[in-house]
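Analysis of the macromolecular model
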Amino acid sequence: MLIFSLKKEWYEKIKNGEKMIEYREAKSYWSTRLINAYLENCTNKEESLYQYLTEEEYDNWLDLYEIFNAEALEVGIKCNIPCLLKDGYSNRALTATITKIEYMDGINTDLHTDKCVYALHLADVKQKMSLQEEIKRMTVEDLENYKVPAFDNEKELADFIRKMIKNGNSYNNAPYAMALSAYAAFDYVARKLGVTGFQASYADLHFLKLTRKMEDGFQILNYSLLLYPQFKYRFDEISFDKLIKDNLPHLQEKAKKLLAENEKHAATTVVNHWKKIIAMEVKEGGKVEA
């Protein structure tokens, strides 16, 4: 969730409905946060920014910045981004939704700058209830769509986990309590360590490896990409034989171990498959021969 720290004057104006647009200078800091929040909260990401990208552009993160700062923003990109508006560093806060983002000259905004700014249109502004009350009122549907806040210290994180445990003492709520608590801890540690996106990606995949006991590797497919033909090759490449080829060294070591331990007990078809994998050899050009 995006968090904005406001001066008391602007906080009161937003609270009273006098100010419904918040401005931020269009620096890389805000570009990154807004793009991430936009993509995270877009109802259908593939029908938003991604539909304009070729496969090469999709793999180049900078192209998202170009689109995000291009003509589309001058007329406004519609969005549905939840945010938290804090009265400085006090405990007072408002929740709101950013419904549109514009890119404009900052001269006639309350920033009074000659640089370009993002104009963030606000709606559904409400006084934020306490975290304890918010969690207490949650239904299963609320938990399904809940956006975990970013916690600044271990006490806040521990309080959140305790409240999740208290609220998760039913069959339907328990899975969400576990998942949301794990995500909160994951995000907290990631921000404290200042990890890169690659490190964070490796960490969440490793978490799946641990929880699902997928010791020999796995793959995640984004089915939203099936709506766009430029990603067809990603799915066409997947086959039983190709996956064996791509993971051959590891599978050969595992097959040798399994064969040594279970040859007398495993089904004949399975034993023959292990032997076939062990005998495989990758020739020049990537061709696999048994």
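See the structure shown above.
Residues numbered from 1 in each chain as written. Predicted model: local features only at pLDDT ≥ 70, side-chain atom pairs only at ≥ 80, totals over all residues. Heavy atoms only, no water.

With respect to the helices and strands, aspartate 87 occurs in strand E3 (residues 77-87). Of the polar contacts made by the side chain of aspartate 87, one reaches the side chain of arginine 92; its length is 2.8 Å. Beyond its immediate sequence surroundings of up to four residues, aspartate 87 is in contact with Leu6, Lys8, Tyr11 and Arg92. (Helix = DSSP H or I, 4+ residues; strand = E, 2+ residues; numbered from the N terminus. Polar contact = N/O pair within 3.5 Å; in protein donor to acceptor, adjacent residues only side chain to side chain. Contact = heavy atoms within 4.5 Å.)

Residues Leu2, Phe4, Ile81, Cys83, Leu85, Ile98 and Ile101 are the most contacted members of the largest nonpolar core, which totals 23 residues. Broken down by secondary-structure element, the contributors of at least two residues to this core are strand E1 (2-6), helix H1 (8-15), helix H2 (28-41), E3, strand E4 (93-105) and strand E5 (116-127). The element that contributes the greatest number of residues to this core is H2, accounting for six residues. Non-local contacts of leucine 2, meaning those with residues more than four positions away in its chain, are made with Arg33, Leu34, Ala37, Ile81, Pro82, Cys83, Leu84 and Ile98. Among the nonpolar cores identified, the runner-up in size contains 13 residues, and Leu143, Val148, Leu180 and Ala184 belong to it. (Core = buried A, V, L, I, M, F, W, Y, C linked by side-chain atoms within 4.5 Å. Buried < 20%, exposed > 50% of the residue type's maximum accessible area, 1.4 Å probe, protein only.)

Looking now at the sheet that holds E3. Judged by pairing direction, the sheet is mixed, and its five strands sit side by side in the order E1-E3-E4-E5-E2 without closing on themselves. Of all strands in the sheet, those bounded by a partner on one side alone are E1 and strand E2 (21-25). For this sheet the average axis-to-axis angle between neighbouring strands, irrespective of direction, equals 40 degrees. Examined bridge by bridge, E4 and E5 share 10 bridges and lie antiparallel to one another. Its bridge partner lying in E5, tyrosine 103 is registered against tyrosine 118. Contacts from H1 reach E1, E2, E3, E4 and E5 within the one sheet, and its direction differs from that of E3 by about 125 degrees. Taken strand by strand, H2 contacts E1, E2, E3, E4 and E5, and its axis lies near 120 degrees from that of E3. (Pairing = 2+ DSSP bridges. Axes fitted to C-alpha atoms, helices over the stretch in contact; angles between N-to-C directions.)

Treat this as a map of the structure, not an account of what it does.
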